[in-house]
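Observations on chain architecture
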Amino acid sequence: MVRKNKWDLIIIGGGLAGLTTALHLSNHNLKICLIEKNTYPNHKVCGEYVSNEILPYLNSLNIDPFSIGAKKITRFNITNLEGTTLNTDLPLGGFGISRYAFDNLIYESLKNEIEIKFDTVEKILFQDGNFKVSTQNKEIFTAEFVVGAFGKRSNIDSFLKRDFILQKSPWLAVKGHYEFDFPEDTVALHNFNGGYCGLSKIETNAVNACYLTTFKAFKKYGDIDSFQSNEMSKNPFLKEFYKTAKPIFEKSLTISQVSFQKKKPVENHIFMIGDSAGLIHPLCGNGMAMAIRSAQIFSNLFLEAMQKDCFNRNILEVNYTRSWYNEFGKRLKTGRTIQSLLMNPHSSKIGFSVAKTFPSIIPILIKKTHGSPTI
Ligand SMILES: Cc1cc2nc3c(=O)[nH]c(=O)nc-3n(C[C@H](O)[C@H](O)[C@H](O)COP(=O)(O)OP(=O)(O)OC[C@H]3O[C@@H](n4cnc5c(N)ncnc54)[C@H](O)[C@@H]3O)c2cc1C
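Parameters at a glance
- Residues numbered from 1 in each chain as written.
- Predicted model: local features only at pLDDT ≥ 70, side-chain atom pairs only at ≥ 80, totals over all residues.
- Heavy atoms only, no water.
- Salt bridge = Lys/Arg side-chain N within 4 Å of Asp/Glu carboxyl O.
- Buried < 20%, exposed > 50% of the residue type's maximum accessible area, 1.4 Å probe, protein only.
- 1 Å grid on protein atoms, 1.4 Å probe; cavity = no way out; pocket = protein on both sides within 12 Å on 5 of 7 lines; lining within 4 Å.
- Points joined across faces, edges and corners; volume = space filled by probe spheres on them.
- Helix = DSSP H or I, 4+ residues; strand = E, 2+ residues; numbered from the N terminus.
- Nonpolar A, V, L, I, M, F, W, Y, C, P; charged D, E, K, R; others polar.
- Phe/Tyr/Trp six-rings, centres within 6.5 Å; stacked < 30°, edge-to-face > 60°.
- Lys NZ or Arg CZ within 6 Å of the ring centre and 35° of its normal.
- Contact = heavy atoms within 4.5 Å.
- Pairing = 2+ DSSP bridges.
- Expected span 1.5 Å × (residues − 1).
- Arc of directions from axis to C-beta.
- Polar contact = N/O pair within 3.5 Å; in protein donor to acceptor, adjacent residues only side chain to side chain.
- Axes fitted to C-alpha atoms, helices over the stretch in contact; angles between N-to-C directions.
- Parallel < 35°, antiparallel > 145°, perpendicular 65-115°, else oblique.
- Left-handed = near helix turned anticlockwise from the far one by under 90°.

1. Looking at the pattern of salt bridges
All told, the structure shown has 15 salt bridges when counted by the stated rule. The salt bridge involving Lys 117 is made with Glu 115; its shortest N-O contact spans 3.6 Å. Judged by relative accessible area, Lys 117 falls into the buried class, the value being 17%. Each of Glu 53, Arg 293, Glu 327 and Arg 331 takes part in a single network of salt bridges with overlapping partners.

2. Structural notes on empty space enclosed by the protein
Vacant regions in the atomic arrangement are exposed by a probe of water-molecule size rolled over the atoms. For the structure shown, the criterion picks out one cavity of 30 Å³ or more. In this structure, the largest cavity spans a volume of roughly 50 Å³. Taken together, Gly 274, Asp 275, Gly 278, Ile 280, Gly 287, Met 290, Ala 291, Ser 294, Trp 324 and Phe 328 make up the full set of residues lining the largest cavity. Here the element with the most residues in the lining of the largest cavity is helix H8 (residues 287-307); it accounts for four residues. Among the residues forming the lining of the largest cavity, the class breakdown is five nonpolar, four polar and one charged.

3. Brief notes about the packing of aromatic side chains
For the coordinates displayed, the defined rule picks out 24 aromatic pairs. Ring geometry for Phe 180 against Phe 241: centres 4.8 Å apart, planes inclined by 80°, an arrangement best described as edge-to-face. Within this pair, whereas Phe 180 is found in the loop between strand E10 (171-179) and strand E11 (186-192), its partner Phe 241 is found in helix H7 (residues 236-244), the two being separated by 61 residues in sequence. On the basis of relative accessibility, which here comes to 0%, the residue Phe 241 falls in the buried class. The ring of Trp 7 carries the charged tip of Lys 31 above its face, separated from the ring centre by 4.4 Å. Looking at Lys 263, its charged tip hangs above the ring of Phe 164, at a distance of 4.3 Å from the centre.

4. A look at the environment of Ile 63
In this fold, Ile 63 is placed in the loop between helix H2 (55-60) and strand E4 (71-79). The spatial distance from the C-alpha of Ile 63 to the C-alpha of Val 50 is 14 Å, given a sequence separation of 13 residues. Those residues within four positions of Ile 63 in sequence are excluded, and the remaining contacts are Leu 23, Leu 58, Leu 105, Ile 106 and Ser 109.

5. Regarding the pairing of strand E8 (residues 130-135)
Bridging between strand E7 (residues 121-127) and E8 involves six bridges; their strand directions are antiparallel. Its bridge partner lying in E8, Ile 124 is registered against Val 133. Taking the residues between adjacent antiparallel strands as the criterion, E7 and E8 are bridged by two residues, where Asp 128 takes a positive phi near 50°. One ladder, built from four bridges, connects E8 with strand E9 (residues 139-148); its direction is antiparallel. Bridge pairing in E9 links Phe 131 to Ala 143. What sits between E8 and E9 in their antiparallel hairpin is a turn of three residues, with Lys 138 showing a positive phi close to 65°.

6. Considering helix H10 (residues 345-357)
Compared with the 18 Å implied by 1.5 Å per residue over 13 residues, the 19 Å span of H10 between its first and last C-alpha is a close match. Buried residues of H10: Ser 347, Ser 348, Phe 352 and Ala 355, and no others. In a view along the axis of H10, the buried residues occupy a sector of 140°, so they form one face of it. Facing away from the buried surface of H10 by more than 90 degrees, the exposed residues are His 346, Lys 349 and Thr 357. In this fold, the buried residues of H10 make contact with E4, strand E5 (85-96), E11, helix H9 (313-343) and helix H11 (361-368). The opening residue of H10 is Asn 344, an N-cap whose side-chain oxygen sits 2.9 Å from the backbone nitrogen of His 346.

7. Quick look at the environment of Gly 94
With respect to the helices and strands, Gly 94 occurs in strand E5. You can call Gly 94 buried: its relative accessible area is 0%. Distance from Gly 94 to Ser 347, taken between C-alpha atoms, is 28 Å for residues 253 residues apart in sequence.

8. Some remarks on the layout of surface pockets
In this structure, the second largest pocket encloses a volume near 220 Å³. Looking at the lining of the second largest pocket, the elements with two or more residues in it are E10, helix H6 (224-230) and H7. Sorting elements by how many residues they give to the lining of the second largest pocket places H6 first, with four residues. Grouping the amino acids of the lining of the second largest pocket by side-chain chemistry returns seven nonpolar, six polar and five charged.

9. Observations regarding the packing of H8 against H9
Closest axis-to-axis distance for the H8/H9 pair is 10 Å, and the angle between their directions is 155°. By the angle class used here, H8 and H9 are roughly antiparallel. For the pair H8 and H9, the crossing hand works out as right-handed. Side by side, H8 and H9 meet where Met 290, Arg 293, Ser 294, Ile 297, Phe 298, Leu 301, Phe 302 and Ala 305 of the first sit next to Leu 316, Asn 319, Tyr 320, Ser 323, Trp 324, Glu 327, Phe 328, Arg 331 and Leu 332 of the second. Residues belonging to the contact of H8 with H9 are distributed by class as follows: 11 nonpolar, three polar and three charged.

Shown next, in the form of structure tokens:
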């Protein structure tokens, strides 16, 4: 039987962006429903290094990642194929925490504040100023506003026929947790032919290893173990890692079709936040902070608009779009440039020798892909 539910705001997707928006907007006299297709806690393919950029904001929402053992990270280490190493302090620093624990920390603090449905959204229709959201369990929800927080690639992107979904992406990513002797205060990025791999410690003391590569580089080997020991291990640091690290997961987690194509922050009147609005290259280590920051930007503008005597949807859409580009436009562009430099063996070699001579260039580049902490 089909049931009807009426809400002020529906948030689709309960990753970091969706959960943070829901937490920010709870206790504001709004009827909010969040729809998430998976239960908590769950593992996600992610580098699991979070920039401190969003720490004051999270604290203002009573979320403290260190209360569950997040590791304080202050150092950055990058190596290339030849094993050339560059070390630097991180300008802002960050923390290491698994997505399993981080998303669940926010969920636990939110679960009694708003309605959370575990279901998969299939359709979103906008008509006469209202949304109709239909799910796999044959429920229909209606609301005046919808926030799209469904991540980098979702069935909803196909339903909405978003431009990026029509193009194939060459990128795939693999992640696993390992027992390995690794400094707690460091996030490392190891370059290999066709990709790069991030290593950092998480709250359980395990090391998270997550890499991004192309299908073209991977398909010569066919399976993960062979790719790791024959291609990635050409980098001496990764050779040491994959030789000695003890996997904790039975099987690595994988995703494919990771797209870095441009998206729009508002589509079909849906306010897109987090990866649904745009994904920065993972080597910048800033996607989670951007997801949380976009939740903050949207929530503040939404609350401000709601307080006005005469609410205008169009103005909110224009303001959010403008704020989103102001905040993230330059970072995304810098991320794309760094990624293409690192992925080209020739420019990567030149980049490493320039950075060896002028080490201050690395913190400058990192700053360009990050924002400033705000509450
Ligand atoms: C290889 C890789 C490494 C990365 N490493 C880092 C890193 O070290 N540091 C960093 O800051 N960022 C990193 N990122 C980026 C970071 O993972 C993302 O930016 C972040 O997860 C975005 O959060 P989100 O809430 O937008 O999306 P997600 O966390 O993906 O959440 C989206 C949610 O929507 C749900 N959903 C999707 N479709 C539906 C539907 N139809 N109905 C209901 N629910 C739905 C999903 O189940 C999911 O829970 C990395 C990304 C990749 C690909």
